[in-house]
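# Geometric and topological summary
Here is how the chains run, residue by residue.
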Amino acid sequence: MARFFKKREESKGLAPGSLVFIGNQKVENVRIRVIDYDKSNLNELQLDDIADSKAFKETNTVTWLNIDGLHDLEMMQELGNIFDLHPLLLEDILNTGQRPKLEEFDNCLFLSLKMIRYEKEKQVIIAEQLSMVISNTYLITFQEQPGDVFEPVRDRIRKQKGRIRETGIDYLAYALLDTVVDNYISIIERLGEQIEDVEEEVLTDPNPLVMQKINTFKREMNYIRKSVRPLKEALLQLLKLDSELIKDNTIQFLKDLLDLITQATEAIDTYREMLSDQLNIYNSSISNRMNEIMKVLTIFAAIFIPLTFIAGIYGTNFDYLPELHFKYSYFIFWGFMIIVALTMLAFFKRKNWL
Amino acid sequence: MARFFKKREESKGLAPGSLVFIGNQKVENVRIRVIDYDKSNLNELQLDDIADSKAFKETNTVTWLNIDGLHDLEMMQELGNIFDLHPLLLEDILNTGQRPKLEEFDNCLFLSLKMIRYEKEKQVIIAEQLSMVISNTYLITFQEQPGDVFEPVRDRIRKQKGRIRETGIDYLAYALLDTVVDNYISIIERLGEQIEDVEEEVLTDPNPLVMQKINTFKREMNYIRKSVRPLKEALLQLLKLDSELIKDNTIQFLKDLLDLITQATEAIDTYREMLSDQLNIYNSSISNRMNEIMKVLTIFAAIFIPLTFIAGIYGTNFDYLPELHFKYSYFIFWGFMIIVALTMLAFFKRKNWL
Amino acid sequence: MARFFKKREESKGLAPGSLVFIGNQKVENVRIRVIDYDKSNLNELQLDDIADSKAFKETNTVTWLNIDGLHDLEMMQELGNIFDLHPLLLEDILNTGQRPKLEEFDNCLFLSLKMIRYEKEKQVIIAEQLSMVISNTYLITFQEQPGDVFEPVRDRIRKQKGRIRETGIDYLAYALLDTVVDNYISIIERLGEQIEDVEEEVLTDPNPLVMQKINTFKREMNYIRKSVRPLKEALLQLLKLDSELIKDNTIQFLKDLLDLITQATEAIDTYREMLSDQLNIYNSSISNRMNEIMKVLTIFAAIFIPLTFIAGIYGTNFDYLPELHFKYSYFIFWGFMIIVALTMLAFFKRKNWL
Amino acid sequence: MARFFKKREESKGLAPGSLVFIGNQKVENVRIRVIDYDKSNLNELQLDDIADSKAFKETNTVTWLNIDGLHDLEMMQELGNIFDLHPLLLEDILNTGQRPKLEEFDNCLFLSLKMIRYEKEKQVIIAEQLSMVISNTYLITFQEQPGDVFEPVRDRIRKQKGRIRETGIDYLAYALLDTVVDNYISIIERLGEQIEDVEEEVLTDPNPLVMQKINTFKREMNYIRKSVRPLKEALLQLLKLDSELIKDNTIQFLKDLLDLITQATEAIDTYREMLSDQLNIYNSSISNRMNEIMKVLTIFAAIFIPLTFIAGIYGTNFDYLPELHFKYSYFIFWGFMIIVALTMLAFFKRKNWL
Amino acid sequence: MARFFKKREESKGLAPGSLVFIGNQKVENVRIRVIDYDKSNLNELQLDDIADSKAFKETNTVTWLNIDGLHDLEMMQELGNIFDLHPLLLEDILNTGQRPKLEEFDNCLFLSLKMIRYEKEKQVIIAEQLSMVISNTYLITFQEQPGDVFEPVRDRIRKQKGRIRETGIDYLAYALLDTVVDNYISIIERLGEQIEDVEEEVLTDPNPLVMQKINTFKREMNYIRKSVRPLKEALLQLLKLDSELIKDNTIQFLKDLLDLITQATEAIDTYREMLSDQLNIYNSSISNRMNEIMKVLTIFAAIFIPLTFIAGIYGTNFDYLPELHFKYSYFIFWGFMIIVALTMLAFFKRKNWL
């Protein structure tokens, strides 16, 4: 299966804006949760019917609607109608192979990005698509399945930690993004440690398994980069957008977030370079080992082949072979062979092969 | 034949704007089809004489004129006269080696691009040139031969699916482009799956055939890139152009298309990098195998060459060779050889070669 | 001789604007040809004395003065005086190692570029410098020697083909440039075909000659690029210049030319990449062959060295060597050797070397 | 441990602006030092309580508050309150894994950068974070531990050397930055000398230790680059900022500093390229050595294997083997072998292997 | 010694603008020469005391003050006072490790660049720093030692050649720069010829010396690039500066100079690429040779090892070995061996190894 590229086969030839779910259905039932708050009140509930969300559309409070599961096209269409979402926006939410991007619509900002997770046993990064619709009065997030990294944000809302209860929807969106990027960095870190560990191994024991490891890390780093870099672009765009949906005092926080994500992309580049260097070291080490092997072979061959030849001579059955009949021939023969062997050894010593 | 570059030999030295067909004639007769529609009416017909197209020039309906086959220069000239097309525009349509581009003329926009097709048996991408003339009242498309990816668009027009019947020529042009880019992505995907499959093979069985595969994929990816990247530039240009031929509500769709094509170019780059990595793995694997081979050779040589030498000594015919005459010489001789062999094995064990 | 860089030794330390001819004199006598035309009249003649050119300076007709041969400094100086050319301009014309460029002077535009020619027997690209002075009433072109690619343009002037007789000096300049760029593309094509042919050879028979070919193509592509890329820059500059010497209806043609030259530079880059890939394939193929060779050696050595050792044992002359005296020893000995050989073969089979 | 990336695990999920110290505590007690001066007066003291710093907040003199040690969160919070520092600013100071950057706040400029130190025994660069808060009336610097490169600046303040006592806070900040960048250059220099020394070694004795050295230098250069390049960006930003905190006559000094840091980044790039070249030389040298080894083996094998074969023939025990019984057979046999050996030597001579 | 980076150790920690000479003193006494001229008068003299230069500060003539030797700090300080030079400017003049740059001061332009010289016996490029102070009424140049490339310019001033006596200080500065850049090109040329010569050698006889040569050229090209590229930047900056010190009619000359230096940087890049290609060819050639060597070894081993084995069999002393006693055994034995040998040869022939 093409992991780096999601199948769009199903949507081929359909009218743009047609709703098709592209991806694997990861959850049986769609779950709709609402957190609605302002400075003094907090309301947290789960909706059974998407129609109930209409009540939250125009309130003055901060409304965060979170949808887990994207396969229910009918519900999505209804949601689109309630919140007046552009067909292209809905199409992008449903296409989980979407490249991270920011788009400005008349009534809202749309941000599509990836949350990533490291599956240690398979040594594979899994990306899940997160879509955000940021409007004046509500924030809607779409995830492929339940389970996310946002619990700390929910806690801060519940426990009134930090400024989150005193600020608006833009700050909530920022807080979620911040958590996602924090998670990027934490995963890059974890991979990074493993990469730095390989460095030692490559020098001491360069075997094909090490090469395989290096290539796995390389592939995963590329995979992360595919999620991180477009998000950086989207953030830059958001900062230049001058949308009235983003208030002035959130800008400083977004700039800080941009720094964080810049750090992440630089870390990815650093590790990619490091992996390239490791591959070079690996290849050089392989060549070095080959030299070692060849030296051993050559030394053995070059010493014993001439000796065997000499022994061969005195194994011939010529009628007249004078040396065979002298008394000390055998010992002279040995002496000669030892001299030859020592000469060869000296020769290899001088060539620095021993 | 230079596949990456179409012969222009025939046009050398001709006046600019001269009509010459550059390419291979792929169809015997030119086919002219017209689809003419508005919200309520639809008219689909095939023209036998190009002169009949004049009737559609200034209508208020959306007119889509599709020409299959480019070799009939006379007809092209007549068409140029009817629709008032710039000689350079006609020249570009006829030159199937044209680089994808957008050009603005007084009365129309001209867009030249490639449709691609994957011939599985030859493992080769085939590109066909598609030219579009977008005016206020008509859209003319030129293809090298019948058969295209536009059938779903025609269906949507016929069955009034989506917004296509309610929008203008710019949306029709967008819908066609969208189909072409969808097709790019679908082909990149298909190649991509094959590329990801090779990864396994490269590690387990690095043979020259794998290398050949990798290089074939590389070449095809480069070939696709040659079609996709200039189209992205052309789209960017179109978005900046601020032409009155493109209405405001189509812009959002074109932006979406730009995202799609950006995704395609990034996928191409990702796969190209992946192929480079695979080549590196391939080369490292080859080196590893060489090491394996050399180890086997060295171990055999280093064990048996000394033994053969010892046997050689006692095969000599010296008159006086005391060891030959002791009773247990032969067994001591065996014992000694076994000790030598074991010593060698221990040596290689310590060197980690066994 | 440094082919990539023309000797400027002679001009070192001279005052800027001093007239020195840098290059090899390729023609004995300077030849001066004039083509002077408007819509209805055409006058084609050869001048013996440069002073005669004065008559054409301020006419209303289109005057094309073509100089073949640059070594006559005195004549160049006189020409400079007649047409009021800046000393730096004259210096640049005479320096055939000049990088292609566009320069704007008070009374004219100066364009310096290269015409290229492929010498098949030497497999070498030869570049000749072409300088153009574009003024309001005349176009002067300077070539190093007679013989150029402009004959079709002259023909079009003579036979009133195309729009050339109805347009001005800017269009004439464009027509000449178009011919030069057409020629670039035709040569790149020809090289390109040879490059695509090498691809096959590299896979089937990687020998040093193939490598030499690849490197020759690489060098020639670099050589062409040195001529083509700066011309593209110069054209871009010309389009941005907004000079009154270039009329509005010529702009569209220049844009078309820019597309053509962009296509040329992209083709060069594509072929350069292709050559790099071929070198990689070549190197991998060499490694593969090495593996093949080593396998053969190892198989032979590993099978026969142990056998030879066994034979060696029974060639020893020990007094007491019981096996020698059994009746079927020799056949058992053969059987044992065959078993050893088969075991080795099975071993190599399992290692996939056979 | 991931050296290229500081653990942020502790801060994950916290509200932005929460104070968490990220890094290793390198000092037991925080030390607060104040240098307060103008043209005529100088006041240097150590504070025990951060609350005492309040007195310096609004003076007309230049106040430099230096904090060594970052782990005391309570104190940092108090300092933040006294000097009215933005929570994000405080968070950045405490995160020692911060990427160098400049940020503009309402009341101050914030600059985060790295001081580097070369630990010779471990051949490792150590980076310490330095944060600067530049306001109208004070400069606060934060270091991870006591001990810095600023002693010369303090001396210049004490001894009224140069213009430092006559200028303001911006010049003081510049002077500190200048010292830090000077230190970068001095460390790059020291590494650079070692790198240039390796060049010789790589050619004469390419052993795995040399490769390890090259890779160590590469890694350290990358590590330095991670500190230097973002600082250059920050400086560029500072010059474009047009902040009123930076006076006009300091600009020239900052431009000079920018030149210095540009020189540093170019030196890093030069050395990185040099190291790449050295790795290439290393690999070529390894291949060359392999060739040498193989030549020796081949020469020995090709000379003695045929000779041994010849001796083997006359060691056979055929009843009827006529050559054995001629009188001079043995000498002819020797002569033949010598001819064979000389022929082989001549062959290798002609192949240029000897 | 770090050749790519001048020691700044001495200046570490000093106040910015402190005068320290960084470099090697290359001349015993400082020499001060003045050339003062206008259209009709010329005055050329050597000053013993820097104080005498004051007389030339405000004249209407063109004054060129040339200082050879930079180590006399006192004199430099005095000069600085007389001509009112900024301390940073003086510091930059004295730092011979300065990166080429242009800086604008209130009363003058400051240009720092490198003159280069090729020491053939050491095959090393030597760079000497040249600093220029361009004011309204004087030009001061600073060199590390006497001896420069400016003699032709002095001659042109003395002999009234070209326009130099009729133009101002800006043209004089241009004339000097032109000479320096001419010298760059002449040295690049000379290296370039040697590089193009190596190409042949690499193909015919790839030995480690060739590799060393290639790497030397690479290093020197990098060294030159370090001088040339920043000068190009400085020139670009100068052209954008719109300083009143540069008159309009000098601009055209500076543009011409920019073309020249662009040509130089492109030539450097071309040669660097060529050297990279040569290294690749070198490595491929080494691999090819290895293949050749291995083939010879394998052919010898594969032919003679089986033969030796066969001979070994008939050298055994089995009591019952029937073949030994047939009359024609020995000839059959030879025949068999010849068949084996021919079979092997045919095998290698088919494998294309012979």
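Below: a short report on this structure. Every residue gets a number counted from 1 within its own chain, in the order that chain's sequence is written. Key to labels: chains lettered from A, ligands numbered from 1, both in the order written. For a predicted model such as this one, the threshold for reporting local features is a pLDDT of at least 70, and the threshold for listing and counting side-chain atom pairs is 80 or more; totals across whole chains, interfaces and linings nevertheless cover every residue. Side-chain descriptors were evaluated using all non-hydrogen atoms of the structure, hydrogens and water having been removed beforehand.

### A closer look at the overall build of chain A
Basically, it comes down to this: For helices the rule is a DSSP run of H or I covering at least 4 residues; for strands it is a run of E covering at least 2, with both sets numbered from the N terminus onward. Each radius of gyration reported is based on C-alpha atoms, and the globular scaling rule is 2.2 Å times the count of residues to the power 0.38. Residue contacts are counted whenever heavy atoms from the two residues lie within 4.5 Å of one another. Areas reported as accessible are Shrake-Rupley estimates using a 1.4 Å probe. Residue values count occlusion only from the protein chains shown.
When you go through chain A residue by residue, the secondary structure sums to 7 helices and 7 strands. The order of helices and strands in chain A, counted from the N terminus, is β-β-β-α-α-β-β-β-β-α-α-α-α-α. The C-alpha radius of gyration of chain A comes to 34 Å, more than 25% above the 20 Å expected for a compact globule of 354 residues. The C-alpha extent of chain A, read off along each of the three principal axes, is 120 × 45 × 30 Å. Counting contacts in chain A only where the partners sit at least 6 residues apart, residues at least 24 apart contribute 68% of the total. Total accessible area on chain A stands at roughly 14200 Å², and carbon and sulfur atoms take up 50% of it.

### Considering the nonpolar core
Keep this limit in mind: Only buried residues count toward a nonpolar core, which is a set of Ala, Val, Leu, Ile, Met, Phe, Trp, Tyr and Cys residues joined through side-chain atoms within 4.5 Å. Burial classification: accessible surface area is computed with a 1.4 Å probe over protein chains only, and a residue below 20% of its type maximum counts as buried, one above 50% as exposed, and the rest as partly exposed.
With 350 residues, the main nonpolar core has Leu172 of chain B together with Leu172 of chain C as its most contacted residues. If sequence neighbours within four positions are ignored, Leu172 of chain C has contacts with Tyr37, Val62, Trp64, Leu139, Val153, Ile157 and Ile164 of chain C. Judged by nonpolar contacts, the second largest core, of 145 residues, contains Ala302 and Tyr314 of chain B, Ala341 of chain C together with Met337 of chain D.

### Thoughts on the relation of the copies chain D and chain E
Rules: To superpose the copies, least squares is applied to the C-alpha atoms of every residue with a pLDDT of at least 70 in both.
When chain D is fitted onto chain E, the two copies agree to an RMSD of 0.1 Å after a turn of 72° and an axial shift of 0.1 Å. Read as a symmetry element, the transformation amounts to a five-fold axis. Taking the C-alpha atom as reference, chain D places Gly315 of chain D closest to the rotation axis, 4.7 Å from it. The two copies present different faces, since only 16% of the interface residues in chain D are matched by interface residues at the equivalent positions in chain E.

### Describing the relation of the copies chain C and chain B
Overlaying chain C on chain B yields an RMSD of 0.1 Å, the required transformation being a rotation through 72° with an accompanying axial translation of 0.0 Å. The fraction of interface residues of chain C whose copies in chain B are also interface residues is only 16%, indicating that the copies meet through different surfaces.

### Concerning the side chain of Lys295 of chain B
Mapping Lys295 of chain B onto the fold places it in helix α6 (residues 248–313). With sequence-adjacent residues up to four places away left out, Lys295 of chain B is seen in contact with Ile293 of chain A together with Asn352 and Trp353 of chain B.

### Quick notes on the sheet that holds strand β2 (residues 42–47) of chain C
Residue and element names in this part refer to chain C. Short version of the rule: Two strands qualify as a pair provided that DSSP identifies no fewer than 2 bridges between them. Each axis is a line fitted through C-alpha atoms, and for a helix only the stretch in contact is used; angles between axes span 0 to 180 degrees, taken between their N-to-C directions.
Pairing within the open sheet is mixed, and its 7 strands lie in the order β2-β1-β3-β7-β6-β5-β4. Only two strands of the sheet have a single partner each, and these edge strands are β2 and β4 (101–104). Going across the sheet, the axis of each strand differs from the next one's by a mean of 20°, ignoring polarity. Pairing analysis gives 11 bridges linking strand β5 (residues 109–119) to strand β6 (residues 124–134), with the strands arranged antiparallel. Note on β6: the bridge partner recorded for Leu109 is Ile134. Each of β1 (31–37), β2 and β3 (62–68) touches helix α3 (residues 151–159); the most contacted strand, β1, lies at about 35° to it. Set on the sheet, helix α4 (residues 169–204) makes contact with β1, β3, β5, β6 and β7 (138–143); between it and β5 the angle comes to about 30°.

### Here we look at the interface of chain D and chain E
This is how the line gets drawn: Buried area is calculated as the accessible area (1.4 Å probe) missing from two parts once they are joined, with the contributions of both summed. When a carboxyl oxygen of Asp or Glu lies within 4 Å of a side-chain nitrogen of Lys or Arg, that pair is called a salt bridge. Residues adjacent in sequence count toward polar contacts only when both atoms are side-chain atoms; beyond that, a polar contact is any pair of N or O atoms within 3.5 Å, and within protein one must be able to donate a hydrogen and the other to accept it.
Listed by partner, the interface residues are 67 residues for chain D and 67 residues for chain E. Between chain D and chain E the total buried area reaches about 5900 Å² when both faces are included, carbon and sulfur atoms providing 61% of it. When the area that chain D buries against chain E is broken down by residue, the three leading residues are Glu189, Phe309 and Phe318 of chain D, summing to 12%. Its salt-bridge partner being Arg225 of chain E, residue Glu273 of chain D comes within 3.3 Å of it at the nearest N-O pair. Inspection of the region where chain D meets chain E yields 18 residue pairs in polar contact (both at pLDDT 80 or more). Looking at the side of chain D that touches chain E, the element that brings in the most residues is helix α6 (residues 248–313) of chain D, giving 34 residues.

### Section: the sheet that holds strand β3 (residues 62–68) of chain A
All names here are of chain A. Taken together, the 7 strands give an open sheet; going across it, the order is β2-β1-β3-β7-β6-β5-β4, and neighbouring strands pair in mixed fashion. Since the sheet does not close on itself, it has two edges, and those belong to β2 (42–47) and β4 (101–104), each with one partner. Averaged over all neighbouring strand pairs, the angle between strand axes comes to 20°, with direction disregarded. Strand contacts of helix α2 (residues 87–94): β4, β5 (109–119), β6 (124–134) and β7 (138–143), with the helix running at about 160° to β6, the strand carrying the most contacts.

### A look at the packing of helix α1 (residues 73–83) of chain B against helix α2 (residues 87–94) of chain B
Residues and elements named next belong to chain B. To keep things clear, this is the line we draw: The hand of a helix crossing depends on one turn: near helix anticlockwise from the far one by less than a right angle means left-handed, and clockwise means right-handed. Gly is placed with the polar residues, together with every amino acid not listed as nonpolar (Ala, Val, Leu, Ile, Met, Phe, Trp, Tyr, Cys and Pro) or charged (Asp, Glu, Lys and Arg).
Contact geometry for α1 and α2: axes closest at 10 Å, N-to-C directions at 145°. In this structure, α1 crosses over α2, and the sense of that crossing is right-handed. For the pair α1 and α2, contact is made by Leu73, Met76, Gln77 and Gly80 and by Leu90, Ile93 and Leu94, respectively. Of the residues contributing to the contact of α1 with α2, the split by class is 5 nonpolar, 2 polar and no charged.

### Details of the environment of Leu324 of chain D
Summarising the element assignment, Leu324 of chain D is placed in the loop between α6 and α7 (329–350). Here the alpha-carbon distance between Leu324 of chain D and Leu241 of chain D, two residues 83 residues apart in the chain, equals 101 Å.

### A short note on the environment of Glu193 of chain C
Here Glu193 of chain C is to be found in helix α4. Separated by 78 residues in the primary sequence, Glu193 of chain C and Tyr271 of chain C place their C-alpha atoms 9.9 Å from one another.

### With respect to the pairing of strand β3 (residues 62–68) of chain E
Residue and element names in this part refer to chain E. Of all 7 residues in β3, 7 are buried; the element is thus mostly enclosed. By the alternation rule, side chains of β3 split into Val62, Trp64, Asn66 and Asp68 and Thr63, Leu65 and Ile67, which are all buried. Inspection of the sheet shows strand β1 (residues 31–37) paired to β3 by 7 bridges, in the antiparallel sense. Following the sheet pairing, Val34 is matched in β3 by Leu65.

### With respect to the interface of chain C and chain B
In this complex, chain C contributes 67 residues to the contact, which on the side of chain B involves 67 residues. Taken together, both faces of the contact between chain C and chain B bury some 5900 Å²; the carbon and sulfur share is 61%. Counting the surface chain C buries against chain B, the share from its top three residues, Glu189, Phe309 and Phe318 of chain C, is 12%. Counting the contacts that link chain C with chain B gives 18 residue pairs in polar contact (both at pLDDT 80 or more). Residue assignment for the side of chain C that touches chain B shows that the elements contributing at least two residues are α3, α4, α6 (248–313) and α7 (329–350) of chain C. It is α6 of chain C that provides the largest number of residues to the side of chain C that touches chain B, a total of 34 residues. Residues that form the side of chain C that touches chain B fall into these classes: 30 nonpolar, 19 polar and 18 charged.

### A closer look at the packing of aromatic side chains
All names here are of chain E. To be explicit about the condition: When two rings of Phe, Tyr or Trp (its six-membered ring) have centres within 6.5 Å they constitute a pair, described as stacked for plane angles under 30 degrees, edge-to-face for angles over 60, and tilted for the intermediate range.
Scanning the model with the defined rule gives 84 aromatic pairs over all chains in all. Between the aromatic rings of Tyr314 and Phe333, the centroid separation amounts to 5.9 Å while the plane-to-plane angle is 75°, which identifies the pairing as edge-to-face. Here the residue Tyr314 occupies a position in the loop between α6 (248–313) and α7 (329–350), and Phe333 occupies one in helix α7, the gap between them amounting to 19 residues. Exposure class is identical for Tyr314 and Phe333. Each is buried.

### Let's talk about the pairing of β5 of chain C
Residues and elements named next belong to chain C. Judged by how many residues are buried, β5 sits mostly within the fold: 9 of 11 residues are covered. The pairing of β4 with β5 spans 4 bridges and is antiparallel. In the strand pairing of β5, Leu102 is matched with Leu111. Taken together, β4 and the strand that follows it, β5, pair antiparallel across an intervening segment of 4 residues. Turn length for the β5-β6 hairpin, with the two strands adjacent in sequence and antiparallel, is 4 residues, and the turn residue Gln123 shows positive phi of about 50°.

### Quick notes on helix α5 (residues 208–241) of chain C
Because the α-helix completes a turn every 3.6 residues, residues three or four places apart line up on one side. Residue and element names in this part refer to chain C. Spelled out, the test is: To estimate the expected span of a helix, subtract one from its residue number and multiply by 1.5 Å. Here the bend at a residue is taken as the angle between two axes, fitted respectively to the seven residues that end there and the seven that start there.
With 34 residues, α5 extends 49 Å between its outermost C-alpha atoms, agreeing within 8% with the 50 Å of an ideal straight helix rising 1.5 Å per residue. For α5, the principal kink sits at Arg225 and spans about 30°. Among the residues trailing α5, Asp242 stands out with phi positive, at a value near 60°.

### Let's talk about a negative patch on the surface
The following threshold applies: Two distance rules govern patches: like charges are joined within 9 Å, and nonpolar side chains (Val, Leu, Ile, Met, Phe, Trp, Tyr) within 5 Å, applied only to residues with over 30% relative accessible area and no salt bridge. Charged-residue counts in this description rest on Lys and Arg as positive and Asp and Glu as negative, His and the chain ends being excluded. Charge positions come from single atoms, namely NZ of Lys, CZ of Arg, CG of Asp or CD of Glu.
A surface patch of negative charge is lined by Asp48, Asp49, Asp52, Asp72, Glu74 and Glu78 of chain B. Position of Asp72 of chain B among the secondary structure elements: in the loop between β3 (62–68) and α1.

### Topic: the arrangement of the chains
A minimum C-alpha distance of 9 Å separates chain C and chain D, which share no contact. A gap remains between chain B and chain E, with no contact made and the closest C-alpha atoms lying 9 Å from each other.

### Considerations on the pattern of salt bridges
The final tally for this structure, using the stated rule, is 120 salt bridges over all chains. Notably, a salt bridge pairs Glu199 of chain B with Arg219 of chain A, separated by 3.8 Å at the nearest N-O pair. You can see Glu199 of chain B sitting in helix α4 (residues 169–204) and its partner Arg219 of chain A sitting in helix α5 (residues 208–241), one on each of two chains. By relative accessible area, which is 14% here, Glu199 of chain B ends up buried. Glu201 of chain B is the partner of Lys213 of chain B in a salt bridge, and the nearest nitrogen-oxygen pair spans 3.2 Å. Here Lys213 of chain B is found in helix α5 (residues 208–241), whereas its partner Glu201 of chain B is found in helix α4, with 12 residues between them in sequence. Its relative accessible area of 32% is what places Lys213 of chain B among the partly exposed residues. Taking relative accessible area as the criterion, Glu201 of chain B reaches 29% and is therefore assigned partly exposed. Each of Glu44, Asp148, Glu151, Arg154, Asp155, Arg158 and Lys159 of chain A takes part in a single network of salt bridges with overlapping partners.

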